[in-house]
Amino acid sequence: MSQIDRSKVSRWDLHGREHVVRVRRSGARRTLRCDTCGWHKVAPFLPWLRAQEHLADAHQATVNPAAA
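None of the values given here were measured: they were computed from a predicted structure.

The rules behind the values
Residues numbered from 1 in each chain as written. Predicted model: local features only at pLDDT ≥ 70, side-chain atom pairs only at ≥ 80, totals over all residues. Heavy atoms only, no water. Helix = DSSP H or I, 4+ residues; strand = E, 2+ residues; numbered from the N terminus. Buried < 20%, exposed > 50% of the residue type's maximum accessible area, 1.4 Å probe, protein only. Polar contact = N/O pair within 3.5 Å; in protein donor to acceptor, adjacent residues only side chain to side chain. Contact = heavy atoms within 4.5 Å. Salt bridge = Lys/Arg side-chain N within 4 Å of Asp/Glu carboxyl O. Pairing = 2+ DSSP bridges.

(A) Just the side chain of aspartate 13, in detail. By the element assignment, aspartate 13 lies in the loop between strand S1 (4-12) and strand S2 (18-26). Aspartate 13 gets classed as buried once you look at its relative accessible area, which sits at 7%. One polar contact links the side chain of aspartate 13 to the main-chain amide nitrogen of histidine 15, over a distance of 2.9 Å. A polar atom in the side chain of aspartate 13 sits 3.0 Å from the side chain of histidine 19. Residues contacting aspartate 13, with those up to four places away along its chain left out, are His19, His59, Gln60 and Ala61.

Okay, here's the thing in structure tokens:
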């Protein structure tokens with residue numbers, strides 16, 4: 001049985017709304033899913049970068065809450 005790890009990438013848009021893409025890892029497979037719009041993608045390489053790109057492109061969410 002394989003272990004499933006979950007993490008998330010969150011960014012805020014200019015209106016102060018938080019947008020989250022969840023990264024689910026099962027073995028070598030990483031699946032991304034956006035809580036805001038339902039977008040999903042399999043990204044075996046650099047999933048967090050793909051999540052950041054989606055948030056910036058689709059939601060104009062570029063403010064990192066960890067850096068704020």
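(B) Up close: the pattern of salt bridges. Under the counting rule described, the total for this entry stands at 3 salt bridges. Put simply, arginine 17 and aspartate 13 hold a salt bridge, and the shortest N to O gap is 3.0 Å. The exposure class of arginine 17 is partly exposed, given its relative accessible area of 48%. Notably, a salt bridge pairs arginine 50 with glutamate 53, separated by 3.9 Å at the nearest N-O pair. Note that arginine 50 and glutamate 53 are positioned in helix H1 (residues 47-59) at a spacing of 3 residues, about one turn of the helix.

(C) Focus on the pairing of strand S3 (residues 29-34). Here S3 shows one buried face, formed by Arg30, Leu32 and Cys34, and one open face, formed by Arg29, Thr31 and Arg33. Where S2 meets S3, 6 bridges bridge the pair, whose relative direction is antiparallel. Paired with arginine 24 across the strands is threonine 31, a residue of S3. The turn joining S2 and S3, which pair antiparallel and follow one another in sequence, is formed by 2 residues; a positive phi near 65° is taken by glycine 27. Pairing analysis gives 3 bridges linking S3 to strand S4 (residues 40-42), with the strands arranged antiparallel. Its bridge partner being in S4, threonine 31 is matched across the sheet by valine 42.

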